[in-house]
Amino acid sequence: MKRYFHNLITGERRVAFGPILRPFLLFASLLFFLAAKVRFFLYKSGVFCCKKLPVPVISVGNITWGGTGKTPLVEAILLWLNAARLSPVLLTRGYGNDEDKMVSSRFPNVFVLSGKRRLRNALNYLKTAHAGVFILDDGFQHLGISRDIDIVTVSAVSPFGNSRLIPAGSLREPISALKRADIIVLTKADLVTDKQLSRISRFVRAASNGALIFYARHVPVSLKISGIREKGLEYIKGKQVICVSALADNRSFVKTVENLGATCVDSFSYIDHHLYTGCDVDRILQASKRRGVDIVLTTEKDWVKLAPLTAKPGIGGIEFTVLRVELKITEEEVFYGRLSALFHS
């Protein structure tokens, strides 16, 4: 069902009853737009309360439905905050438990507060523990917490989808909402041409009305077989592999793998936050044996859910290999300098 609605909204594939359903989706998008406008007005006019926390808050979010590289940016910021010994605490809504677990595994000293009531979670935490800064994950639409800086990620590959609001498109707010952003990071900048990136930059700069704009690349750094044994990226160069991912933008993952010199002979692409089953793993193994391929490449986010299913007999000589990717920001000294100003004002 998720796949059906994904194809219906994005138009990537023709679906049954699509021409009939789309007018209803457009009407629902209009209602969504009106509800978003009313909600924003109620916060701006003070009817709904926007609470200021006693420590700095950095919000990292987007205005589209996934696929913007928000989580890698959150990890990059956490890495910088940890290095600066600023005691970050992550506030997350919790619907992407795979991402929460991935962050926890990479940053065991960072406390992750997961749950819909993020304000209450933050206040309760401060009663008994210290936080130097809160990272408000997926926070652009979370107006109940005042933030000291609003960072929005926009994918250069597909900036705004079909430019329609949910449920007729992938926009969570009108593009004009970018005016609230302090910083906009155009992610996956290396996966588009310079001409495309320049055009997107001009559009975003005009829409945001003066936000700082940075570019980011998703840079592969290493491979881990079964998430443990580390290998260099040259390990897959010239080899045939099968790609497995459950992301909002699976095509970018395949493209990244092929840019490393591997040949993706088959791919299993699932909807974002897909919960893998034993049947999924069986299909992947069957395809590997049929294709004569012994390397299955996946992401860190997907490995969190795949790992328990691959720890069983019958895997044979198939190597489930995790591609580790880090986000690299252009002019990162300027970017982190802007964040650093929060703690020296």
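Look up a bit, the structure's there.
Nothing here was measured: the structure is a model prediction, and the numbers come from that model.

Please explain the overall build of the protein chain as it appears in this structure.
Scanning the protein chain for helices and strands turns up 10 helices and 12 strands. The C-alpha radius of gyration of the protein chain comes to 21 Å, within 12% of the 20 Å expected for a compact globule of 345 residues. C-alpha extents for the protein chain along the principal axes are approximately 60 × 55 × 40 Å. A total of about 17,100 Å² of accessible surface is found on the protein chain, and carbon and sulfur atoms cover 57% of it. Side chains of the protein chain carry 48 positive and 29 negative charges; the gap between the two charge centres is 6 Å.

What am I meant to see in the pairing of strand β7 (residues 212-225) here?
A regular strand carries its side chains on alternate faces of the sheet. Here strand β6 (residues 183-187) pairs with β7 via four bridges, running parallel. Paired with L186 across the two strands is Y215, which belongs to β7. As defined by bridge partners, β7 adjoins strand β12 (residues 319-329) across nine bridges and the pair is classed as antiparallel. Its bridge partner lying in β12, K224 is registered against V322. In this structure, β7 lies alongside strand β8 (residues 229-231), joined through three bridges in antiparallel fashion. Residue pairing in the sheet places K224 in a bridge with E230 of β8. Joining the antiparallel neighbours β7 and β8 is a turn of three residues, in which S226 adopts a positive phi near 55°.

Explain helix α10 (residues 332-340) to me, please; I cannot follow it from the model alone.
For an α-helix, 3.6 residues make a turn, and residues three or four places apart therefore share a direction. Turning to α10, its buried residues are F335, Y336 and L339. Across the axial projection of α10, the buried residues extend over an arc of 85°, all falling on one side. Contact partners of the buried residues in α10: β1 (57-61), α3 (70-83), β5 (149-155), β6, β7 and β12.

Which parts of the structure should I look at to understand the nonpolar core?
Proteins that are soluble and globular tend to have nonpolar side chains buried together. By size, the foremost hydrophobic cluster in this structure holds 27 residues, and its most contacted members are I58, L73, I77, I135, I151 and F335. Residue contributions to this core peak at six residues, all from α3. Those residues within four positions of I58 in sequence are excluded, and the remaining contacts are V133, F134, I135, L136, I149, I151, L339 and L342. Among the nonpolar cores identified, the runner-up in size contains 22 residues, and F160, L165, A207 and I213 belong to it.

Would you mind showing me how to read the state of the cysteines here?
When the sulfur atoms of two cysteines share a covalent bond, that bond is a disulfide. Enumeration according to the criterion identifies zero disulfides in this entry. This cysteine, C243, is not joined by any disulfide, and C264 carries the nearest cysteine sulfur, 3.2 Å off.

Help me out: how do you make sense of the packing of aromatic side chains in this one?
Aromatic ring pairs are defined here through the distance separating the ring centres and the angle between the ring planes. One pass over the full model with this rule turns up eight aromatic pairs. Aromatic pair Y43 and F48: ring centres 5.3 Å apart, planes at 75°, arrangement edge-to-face. Judged by centre distance (6.4 Å) and plane angle (35°), the ring pair of W303 and F320 falls under tilted. Taken as a pair, W303 in helix α9 (residues 300-310) and F320 in strand β12 lie far apart in primary sequence, 17 residues in all. A relative accessible area of 2% means that F320 is categorised as buried. A connected cluster of aromatic rings, assembled from ring pairs, spans W80, F214, F335 and Y336. The residue whose ring lies beneath R180 is F140, and the NZ or CZ to ring-centre distance is 4.2 Å.

Teacher, can you tell me more about unusual backbone geometry here?
Between I166 and the following residue, P167, the backbone shows a cis peptide bond with an omega angle of 5°. Along the chain, the position of P167 falls in the loop between β5 and β6. At S163, a position not held by glycine, the phi torsion is positive, near 65°. Tracing the chain through its elements places S163 in the loop between β5 and β6.

Just to check I follow, could you spell out the packing of α3 against α10 for this structure?
The axes of two packed helices give the description: the angle between them and the distance between them. Direction vectors running N to C along α3 and α10 enclose 70°, while the axes themselves pass 12 Å from each other. With respect to α10, the axis of α3 lies roughly perpendicular. At the point where α3 passes α10, the crossing takes the right-handed sense. Residue-level inspection shows L73, A76, I77 and W80 of α3 in contact with α10, the latter providing F335, Y336, L339 and S340. Grouping the constituent residues of the contact of α3 with α10 by class yields seven nonpolar, one polar and no charged.

What's the story with the pairing of strand β4 (residues 133-137) in this structure? I'm lost.
Counting buried positions along β4 gives five out of five residues, so the element sits mostly inside the fold. Of the two faces of β4, both are covered, the one formed by V133, I135 and D137 as well as the one formed by F134 and L136. Direction of pairing for strand β2 (residues 88-92) relative to β4: parallel, over a ladder of four bridges. Bridged to P88 within β4 is V133.

What counts, and at which threshold
Residues numbered from 1 in each chain as written. Predicted model: local features only at pLDDT ≥ 70, side-chain atom pairs only at ≥ 80, totals over all residues. Heavy atoms only, no water. Helix = DSSP H or I, 4+ residues; strand = E, 2+ residues; numbered from the N terminus. Rg over C-alpha atoms; globule rule 2.2 N^0.38 Å. Areas by Shrake-Rupley, 256 points an atom, 1.4 Å probe, with all protein chains shown as cover. Lys, Arg positive; Asp, Glu negative; His and termini not counted. Charge placed at Lys NZ, Arg CZ, Asp CG, Glu CD. Pairing = 2+ DSSP bridges. Buried < 20%, exposed > 50% of the residue type's maximum accessible area, 1.4 Å probe, protein only. Arc of directions from axis to C-beta. Contact = heavy atoms within 4.5 Å. Core = buried A, V, L, I, M, F, W, Y, C linked by side-chain atoms within 4.5 Å. Disulfide = S-S within 2.5 Å. Phe/Tyr/Trp six-rings, centres within 6.5 Å; stacked < 30°, edge-to-face > 60°. Lys NZ or Arg CZ within 6 Å of the ring centre and 35° of its normal. Axes fitted to C-alpha atoms, helices over the stretch in contact; angles between N-to-C directions. Parallel < 35°, antiparallel > 145°, perpendicular 65-115°, else oblique. Left-handed = near helix turned anticlockwise from the far one by under 90°. Nonpolar A, V, L, I, M, F, W, Y, C, P; charged D, E, K, R; others polar.

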